[in-house]
Amino acid sequence: MKKLVALVVVIGFALAVTGCATPQPSTYAYPAQGQSAERVARDQNECQAWAKQQTGFDPGTDTAKGAGVGLLVGALGGAAAGAAIGAAAGGIGGAGIGGGYAYTKSKDGYDRAYAACMSSRGYTVK
């Protein structure tokens, strides 16, 4: 019974932590044409939305999904080993691995789409 409680606590914690993340594109866009702060914010939001539409990848949602799958696999593997500590360690480790895998799997295309959008609006993108 203690193992089950520990597993539920670990799963709840990991899902709460991974659900809080809202990753941004890993590219930097400099307003090379003197765009205002309001214009920069609007362009960033519109280009992020466009990149999601073009690639079908949402950095916040897809990362959490991958972490959840990794968490479940890791927790089940740890629980099968027979220790609540194994379930906790496996769950947390699996969440990190699963989240990272899903993130890198499609994030490159998302970042390229975002960079193309920002570049077309007059930003220097690196």
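Structure: above.
A few points on the structure. (Residues numbered from 1 in each chain as written. Predicted model: local features only at pLDDT ≥ 70, side-chain atom pairs only at ≥ 80, totals over all residues. Heavy atoms only, no water.)

1. Section: the pattern of salt bridges
Note the following rule: Salt bridges are counted wherever a side-chain nitrogen of Lys or Arg sits within 4 Å of a carboxyl oxygen of Asp or Glu. A simple rule labels every residue: compare its accessible area, found with a 1.4 Å probe on the protein chains alone, to the largest value its type can have, and call it buried under 20%, exposed over 50%, or partly exposed in between.
Going through the model one piece at a time under the given rule, you end up with 6 salt bridges. The closest approach of N and O atoms between Lys52 and Asp58, which form a salt bridge, is 3.8 Å. The class of Lys52 is partly exposed, set by a relative accessible area of 34%. Members of the salt-bridge network, linked through shared partners, are Arg39, Arg42, Asp43, Glu46 and Arg121.

2. Some words on the side chain of Asp43
The condition is simple: Labels follow the DSSP assignment, with helices taken as runs of H or I lasting at least four residues and strands as runs of E lasting at least two, numbered in each case from the N terminus. Whenever two N or O atoms come within 3.5 Å, that pair is a polar contact, provided that in protein one can donate a hydrogen and the other can accept it, and provided that, for residues adjacent in sequence, both atoms are side-chain atoms. Whether two residues are in contact is decided by their heavy atoms, any of which lying within 4.5 Å being enough.
Tracing the backbone shows Asp43 in helix α2 (residues 37–55). By relative accessible area, which is 1% here, Asp43 ends up buried. There is a polar contact of 2.9 Å between the side chain of Asp43 and the side chain of Arg121. If we skip the residues at most four places from it in the chain, Asp43 touches Met118, Arg121 and Tyr123.

3. Focus on the state of the cysteines
Quick note on the threshold: Our working definition of a disulfide is a cysteine sulfur pair at a distance within 2.5 Å.
For the structure shown, the criterion picks out 1 disulfide. There is a disulfide in this structure between Cys47 and Cys117, and the S-S distance comes to 2.1 Å. In this structure, the disulfide formed by Cys47 and Cys117 twists by about -70° around the S-S bond and is classed as left-handed. Highlighted residues: Cys47 in helix α2 and Cys117 in helix α4 (residues 84–120), separated in sequence by 70 residues. Note on Cys47: relative accessible area 0%, which makes it buried. Since its relative accessible area comes to 8%, Cys117 is described here as buried.

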